[in-house]
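Chain residues, written in single-letter form:
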Amino acid sequence: MLGGGLRLTWGFVKRRPWSFLVAVTGAILFVSAIVASAVVVGRVTDELIIPVLRDGESTEGKLWPAMALIFAVALWKAFGITLRRSGAGWLQFGTRADARKALIDHQMHLDLAWHDRRSTGDLLSVSEVDTNQGTFVLAPFPYATGSLFLLIGTIVLVALSDIVLGGVILVGLLVILVIDVSGAFRTFGPFVEVQEQRGVVSEIAHESVDGALTVKALGRADEETERFRRASDELRDRLIRVNSMWVGYRAVVESLPSVITIALIVFGAYRVAAGAVTAGDLVTVSYLLSLMTMPISLLGFVIWEMAHSMAAWQRVRGVLDAEDLVEHGDAVAVDSGSGGAVDSSAVTFGYAIDDAVLHDVDIDILGGKTVAIVGPTASGKSTLALLLARLWDPRSGEITLDGRDLRDFARSELAGEVAFVAQESFLFDDTVEGNITLGSDIPRGDVIAAARLAGAERFIDELDYGYDTRIGERGTTLSGGQRQRVALARALVRRPRVLVLDDATSAVDPSVETEILRGLRRSELPSTVVIVAYRRSSIALADEVIYLEDGRVLAQGTHDQLLASTPGYARLLRAYEHDMAERERNREDAHG
Amino acid sequence: MADRTTMRTSTALRRSFGVAPELRRGLVATLVLAVIGTGLQIVVPVVLQQVIDSEILGSAAVDTASVTRRGLIALGAVVIAMGARYLSLRRLVVSSASGLAQLRVITFRHLHRLSLLDLQSERRGALVARVTSDIETMQQFMEWGGMGMILGFSQVLLAAVVMLFYSWQLSLVVLAGVVIYTLLIVYFQRVLGRAHDRVRERVSDSLAVTGEAISGLQTVRAYGMEDVVKGRVDETLDRQFSAEVRTAILASSLFSSAELFAGALTAVVIGVGVVFGADWGLSAGALVAFLFLVNLLVDPIQRLVETLDQAQSAGAGLRKILAILDTEVLIKDPVGGVELPEHGIGVRFDRVTFAYPGGPDVLHDVSVDVLPGQRVAVVGETGSGKTTFAKLATRLLVPSSGVVEIGGVQIDQVRFGSLRSTVAFVPQEGFLFDGTIAENVAYGRPGVTDADARRAFDDLGLAVWIDSMPDGVRTNVGERGSNLSAGERQLVAITRAWIADPRLLVLDEATSAVDPALEVQIRRAIEYLTEGRTSVTIAHRLATAEASERVLVFDEGAIVEDGSHAALLALDGVYASLHRDWEGAVTSG
């Protein structure tokens, strides 16, 4: 663990050597200033204080130089502190920013299958908490490095004047290090357990507050509190366990320098009595040792931090080392200005290895057509839509756009061809316009035209700042239907050659939805439209219907053809009317 | 901090002791132990100094036996100091962990008592932070900062007392210096506070942008905007970095100039001591001792002020928690509450008006009487006040004026337990907790077994559906029910209401479309559920309104039409026009 921690820290330092150098220089200046200040106070005592106050000599010519000297050393020390702390901050914050950038860069290119296995909260916590914890060791590291020079120097100096006393200090330091390392090892497991339990407490809190309406409606607040209390009490017990261990180690380790000093004086007295060292030497040695207290506890601190950094950094590495990258070819988009033809052949797909959602799907969508994908729950409609936009890749088989495999397109080329709108629309913390353009340079007129087509123009005009109204997490809250229409405008403004709508207007009032879909058909958009549909009105607007059941395409054709040829489709569509009629009869029976 | 309306940190702390008494339990003993620990640590250098002066530097030969004896005394002091220190730290660990756990649970319980107004989605994250990160900040402060403050103060105090013994005149000089020094650091701290605020802003910016990049990844991918998003993230991270480095440089310069001041103070003490020492009867030894004491005194002050900064942020967290606890609970279990009757549960609204604080009326002067056993559908456009009506009828909201009665009793006089066992509200988005389907059903009535849950699905005609689940009622629904579709979540929510067996059912139909086959199942289940009960259903579907005995039509916060489906159609008003829209969507083509 210690070796790993050192390697990790060294890796950070190598990437930002200058800031480290600045910080270590500052640290060395600082620790040497501490020694210097001791020397200066000693000289001032010998040459000014004792002569004047004991022997009654005059202060003449001595006072100002002495005061200036003391101030000069303070200046030296201050300079050291500034360099050390600034350099360490630069090193720590810079490394953390580097790590966060690398994480985002990597995650942007990992496939959705990978993202599906990790929750957003988890990934955010890697990016925020773990990078912070993982680089935290850099804050004390330069200081500790500088102190190490001082420590080694001291031990060598002491050993040169007397090998026994040098041995006493060395043994003492080793004892401290051993205790620190074993403490870091022993508290590590319990520390991780505390972190885990923090996660549990936070999960319960989030879940319970999110479900507050249900909790209230069913009068379950007391039970929820009890559930939370159990988790919170467990966290308390774990905290007490790990922190009691930690304060035990601290109390011992922080007392040890005093013990070493006492040992040094006692052994030193014997050495002086034996004539091996002079009294003056012993005084110097014990004084130097008293200066070592801070650096020694700092070394211990760095060891603990290294252990924690290692654990956190493993989680960062887990993300950075993931290899599930989306691969791209080098094909570029063609600007043909007409709807693209989409075909799939023998496509099989599953989210989990042992579970297939789509089997042998062959579909054939002509350019410029509007096609509805219909099927019962869990028949694979949405999955097929995701595959058509290449948000996931088929396990086997291929999907082509105008005869070219989607996987052959270069990065971001496909996005210009195929636009995908999901049921859950994601809005960025940006203006309405920014959410529609997504950072591309698109004239306002086109944005308005797209909004009109998406049925969003009217409510956007009614917002306080129109297209400049800030929406998203920290802005104005839009209703579900409004959000969906903004997301639709986002797709339309790009004039895609294939538009894939996965139940993208589910929260819009049925009449408005019909209006939007009719508008799409009438407009001059050069698009093939693929729509995952639940409402009869949307299905009715399609040129063709693809009917899925249990992940297989059972039929593709016009609505009327399918009604005639495919009993499942007819059943699904008629289920509604059947049920209505049935109830109608029941009611008449009851009244009659 | 300059804001006069905010509570002082000390006041907040005192109040938290009242709320969570565990926090202050045995605090005095903890403090005494801490002072003993620190005091004994000062004994060690004193003993050693004596040894050096009298034995080692003394003119006579070294008396090793005496040195050993004194060494053992010092060692004893160290061991006792260590023990005292450990005990006081451990006591602090226990009392802060227990006290904060207590505060966390109390705050959580209060969150659930708050009105729905305070629990709206935009504020939820912030509310959860009260019981997570705010408590964490306090935890960190109490364990490390709090103890640092206690030890620092005792060191300053002891050093000052010893100083007075040596020379009161020089002590005054030092005291004056220390006051200036402290003021200086407090000022620096304020400058730094502003820099820290800037850093915090930058941090929240980069957090927001990073969060978007990850949670919006599907959209990012679909529009090929990876580079745009990465650019945004890098930019905010760079801005955060530069704010952080600037703050680090500022902090280190400020604190190192404080170091300069300490140096200057030492120089002044030497100057004054040397010039006036003879007149004051100051010995050389005393002046030297003084120099060490100055360091001992000045050293903790900087740390104390830094800790004060931590105390401020812990205080800010505490104030936010107390603000939650101070939020008035609008919906309380009435003292001596009335039990609802077994039968005849109707709902009566008498001139009820409702508005969100500072907002326009959502409902205005609504009077209506839903008779026991009646099946009522409520229709109207989005924002017409339907859902507010439902929440008022179940006391999830309280009217701004007017009276709501249930079963002939004013609703705020009904005992909570009686109200919740008589009335069930099924919200639009049936919220599911991470667990099995059966556990979620049992949420409606504690003590329900898997078999009971299974039977409930049978009773509602959902046997086929529940059998299609991989593990039947033991199927895990995932976080917030994410393993189920929206329609399936509704089925579970409906079954949950069924098992609660309410006499009044208020149901907000889901708006999001589900496929027709599932929709049929949902509607049948709702019919079984409403059978033989008084029911108020917020209808988003034509069929629901058609199937009810009575339809209430809301428009702009008022009931504009009231009657049977057929009668309202004949009226050819708001309802008829809504009906045409529905029909167009359902049956066109």
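None of the values given here were measured: they were computed from a predicted structure.

Chemist: Before we go on, may I ask you to explain the overall build of chain A in this structure?
Modeler: The secondary structure content of chain A amounts to 20 helices and 12 strands. Relative to the globule expectation of 25 Å for 592 residues, the C-alpha radius of gyration of chain A, 36 Å, shows a markedly less compact shape. The principal-axis extent of the C-alpha atoms belonging to chain A is close to 120 × 55 × 50 Å. Evaluated residue by residue, chain A yields a buried proportion of 54% over its 592 residues. Within chain A, counting contacts between residues at least 6 apart in sequence, those at least 24 apart form 76% of the total.

Chemist: Got a minute to help me understand the confidence of the model for chain B in this structure?
Modeler: Reading predicted coordinates in detail is not appropriate for stretches of low pLDDT. Residues and elements named next belong to chain B. Of all residues in chain B, 94% have pLDDT values of 70 or greater, and the mean over the chain is 84. Between residues 1-5, whose pLDDT stays under 50, and residues either more than four places distant or in other chains, the model counts 1 contact. Here the complex is predicted with pTM 0.78, and the ipTM for its interfaces comes to 0.85.

Chemist: Mind showing me how you'd approach the domain arrangement of chain A here?
Modeler: Size of an interface, as often reported, equals the accessible area lost when the parts are brought together. Assigned domains within chain A: domain 1 (2-320), domain 2 (333-417 + 498-514 + 527-592) and domain 3 (424-495). A straight line from the C-alpha centre of domain 1 of chain A to that of domain 3 of chain A covers 50 Å.

Chemist: Explain helix α11 (residues 381-388) of chain A here, please?
Modeler: Counting along an α-helix, one turn takes 3.6 residues, and residues three or four places apart therefore face a common direction. Residues and elements named next belong to chain A. With 7 of its 8 residues buried, α11 lies for the most part within the structure. Listing the buried residues of α11 in full gives K381, T383, L384, A385, L386, L387 and L388. Just past α11, the residue R390 takes up positive phi, approximately 55°.

Chemist: Can you walk me through a positive patch on the surface in this structure?
Modeler: Residue and element names in this part refer to chain B. A cluster of basic residues, R190, R194, R198 and R246, forms a positive patch at the surface. Per-element accounting of the positive patch gives the leading share, 3 residues, to helix α6 (residues 168-215). Relative to the elements of secondary structure, R246 occurs in helix α8 (residues 226-280). Relative accessible area serves as the criterion here: at 54%, R246 is assigned to the exposed category.

Chemist: Any chance you could explain unusual backbone geometry here in plain terms?
Modeler: Trans peptide bonds make up most of the peptide bonds, and negative phi angles are found at most residues other than glycine. All names here are of chain A. Positive phi is not limited to glycine here, since D360 has a value of about 45°. Relative to the assigned elements, D360 resides in strand β2 (residues 358-365). One non-glycine residue with positive phi stands out, namely R495, at about 45°. A relative accessible area of 48% means that R495 is categorised as partly exposed.

Chemist: I tried to follow the domain arrangement of chain B on my own but got confused; where do I start?
Modeler: Partitioning chain B into domains gives domain 1 (9-326) and domain 2 (347-588). The gap between the C-alpha centroids of domain 1 of chain B and domain 2 of chain B is 55 Å.

Chemist: So what exactly am I meant to see when it comes to the interface of chain B and chain A here?
Modeler: Across the boundary between the two partners, chain B contributes 149 residues, which contact 146 residues of chain A. Carbon and sulfur atoms supply 69% of the area buried between chain B and chain A, which totals about 13,000 Å² over both sides. Together, H112, Y223 and Y443 of chain B form the three largest contributors to the area buried by chain B at its contact with chain A, with a combined 6%. The interface formed by chain B and chain A holds 7 salt bridges in total. The shortest N-O distance in the salt bridge between D430 of chain A and R232 of chain B comes to 3.9 Å. The element contributing the most residues to the side of chain B that touches chain A is α8 of chain B, with 35 residues. Tallied by class, the residues present in the side of chain B that touches chain A amount to 80 nonpolar, 35 polar and 34 charged.

Reading guide: rules and limits
- Residues numbered from 1 in each chain as written.
- Chains lettered and ligands numbered in written order.
- Predicted model: local features only at pLDDT ≥ 70, side-chain atom pairs only at ≥ 80, totals over all residues.
- Heavy atoms only, no water.
- Helix = DSSP H or I, 4+ residues; strand = E, 2+ residues; numbered from the N terminus.
- Rg over C-alpha atoms; globule rule 2.2 N^0.38 Å.
- Buried < 20%, exposed > 50% of the residue type's maximum accessible area, 1.4 Å probe, protein only.
- Contact = heavy atoms within 4.5 Å.
- pLDDT = per-residue confidence, 0-100.
- Domains from an automatic or database assignment.
- Patch = residues over 30% accessible without salt bridge, like charges linked within 9 Å, V, L, I, M, F, W, Y side chains within 5 Å.
- Areas by Shrake-Rupley, 256 points an atom, 1.4 Å probe, with all protein chains shown as cover.
- Salt bridge = Lys/Arg side-chain N within 4 Å of Asp/Glu carboxyl O.
- Lys, Arg positive; Asp, Glu negative; His and termini not counted.
- Charge placed at Lys NZ, Arg CZ, Asp CG, Glu CD.
- Buried area = accessible area lost by both parts, 1.4 Å probe.
- Nonpolar A, V, L, I, M, F, W, Y, C, P; charged D, E, K, R; others polar.

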